Every structure is written in structure tokens, then in C-alpha cells.
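What follows is the residue order along each chain.
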Amino acid sequence: MVVIRTLIPLLKGLAFTIKHLFVKPITYQYPEQRREVSERWRGLHRLKMDDGRLLCVACGLCEAVCPADVITVERTETEDGRSFPSRFDVEVTRCIFCGYCQEACPKDAIELTRNYDFCEYTREEFNLNRDQLAKIEEA
Ligand code: SF4
Ligand code: SF4
């Protein structure tokens, strides 16, 4: 009786293992293989460019709407009178990826990309400035 009570769970475990020998693996060989994320995924921020120029006009709406208070925008004017961000910082480690900054922007100048694998060694390296944000690739 004791032998049967011991054998049953053992056989169940073996059957479970054998069943999974024939199932397609769902693990990814990261970073060689990257996981596909949803179209609606909200990842790292990107400042969009058009014709080599930032679309951002430093209106500050994204900064005002940000619930985590992680965006800092400072405005200046170019020689041709165009409004331009002299400073545009995002503290990525405190961002909650709500997407409000993207929604609020009247110029469609900022977006949350599908880039999800951003790794650095220090917190400071996650404080991205204007030029770094402009170089983020669309994922
Ligand atoms: S995604 Fe949300 S929390 Fe992050 S910077 Fe934009 S508004 Fe702020
Ligand atoms: S990203 Fe958009 S909302 Fe934010 S300061 Fe620039 S233009 Fe304004």
C-alpha cells in the first residue's frame, strides 16, 4: 500500500515531464532573440525628429501633465524665432509609463517606444537628456 502511495505521485511527475519533452519551448534566447511586445506597449521615451529637427516646441505640457514629475523642460528660441527645448530631461527610473506625456503633446513630439530592455549600471545613467532621448530608436 505504501509503495503504491509513493509510486503514484512519482509516475504523475514523470508523465508531466515526458509530456513537456514534446512541447515547443517558450523561452527566448535573450538577447539574441527578443520578445515581441504588443503595439500598445509603453517603453522608453523618444523625442521625434523631422528633417533633422526636434518636433518639440518646449510648450511644457508633458511636464505639467506628468503625474510622477519626472520631465524637466526648459525653453529657448532659435535664431529663426522657433521655440525649442534647451533642456529636456526624463528620469526614467521614476517614470510609471502611463503615456500621459505622449497623449498631451500637441506636436506629437514625444512617444513611448516599444523598447523594453534598457539596462544601465547606475541610477544616474537613467536620467536621459534631450540628445539621448532623440537618439532612442523606434523599437
Ligand atoms: S509616461 Fe507618464 S510618468 Fe512617464 S514621463 Fe510620461 S507622463 Fe511622466
Ligand atoms: S514633447 Fe510635446 S508636450 Fe512636451 S514640451 Fe515638447 S511639444 Fe510640449
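Caption draft 1: Here's a closer look at the overall build of the protein. Looking only at helices and strands, the protein features four helices and seven strands. Mapped in sequence order, the helices and strands of the protein form the string α-β-β-β-α-β-β-α-β-β-α. For 139 residues, the compact-globule estimate of 2.2 N^0.38 gives 14 Å, and the protein exceeds it by more than 25% at 24 Å. Along the longest, intermediate and shortest principal axes, the C-alpha atoms of the protein span 90 × 30 × 30 Å. When burial is assessed residue by residue, the protein has 15% of its 139 residues classed as buried. In the protein, the proportion of contacts linking residues at least 24 apart, taken out of those at least 6 apart, comes to 71%.

Caption draft 2: The site of ligand 1, seen in detail. Taken together, 14 residues lie near ligand 1, and C66, C95, C98, Y100 and C101 sit nearest. Of the residues in the shell around ligand 1, the class split is 13 nonpolar, one polar and no charged.

Caption draft 3: Representation of the site of ligand 2 in the model. Within the structure, ligand 2 sits among 13 residues, and C56, C59, L61, C62 and C105 are positioned closest to it. Taken together, the residues of the shell around ligand 2 sort by class into 11 nonpolar, one polar and one charged.

Caption draft 4: Spatial organisation of the pairing of strand 5 (residues 83-91). With seven bridges connecting them, strand 4 (residues 71-77) and strand 5 associate as antiparallel partners. Bridge pairing links E74 to R87 in strand 5. Adjacent in sequence and paired antiparallel, strand 4 and strand 5 are bridged by five residues, among which G81 carries a positive phi angle near 80 degrees. Two strands pair when backbone bridges link them, and strand 5 and strand 7 (residues 127-128) are joined in this way by two bridges, in the antiparallel orientation. When the sheet's bridge partners are listed, E91 is paired in strand 7 with N127.

Caption draft 5: The arrangement of the nonpolar core in detail. Counting 17 residues, the largest nonpolar core has L47, C56, I71 and I110 as the members making the most contacts within it. Counting only elements with at least two residues in this core, the list comes to strand 4 and strand 5. When sequence neighbours within four positions are dropped, the list of residues in contact with I110 reads H45, L47, K48, C56, C62, C101, Q102 and C105.

Conventions adopted
Residues numbered from 1 in each chain as written. Chains lettered and ligands numbered in written order. Predicted model: local features only at pLDDT ≥ 70, side-chain atom pairs only at ≥ 80, totals over all residues. Helix = DSSP H or I, 4+ residues; strand = E, 2+ residues; numbered from the N terminus. Rg over C-alpha atoms; globule rule 2.2 N^0.38 Å. Buried ≥ 20, exposed ≤ 12 C-beta atoms within 10 Å, placed from the backbone. Contact = placed C-beta atoms within 7 Å. Near = placed C-beta within 6 Å. Nonpolar A, V, L, I, M, F, W, Y, C, P; charged D, E, K, R; others polar. Pairing = 2+ DSSP bridges. Core = buried A, V, L, I, M, F, W, Y, C linked by C-beta atoms within 7 Å.

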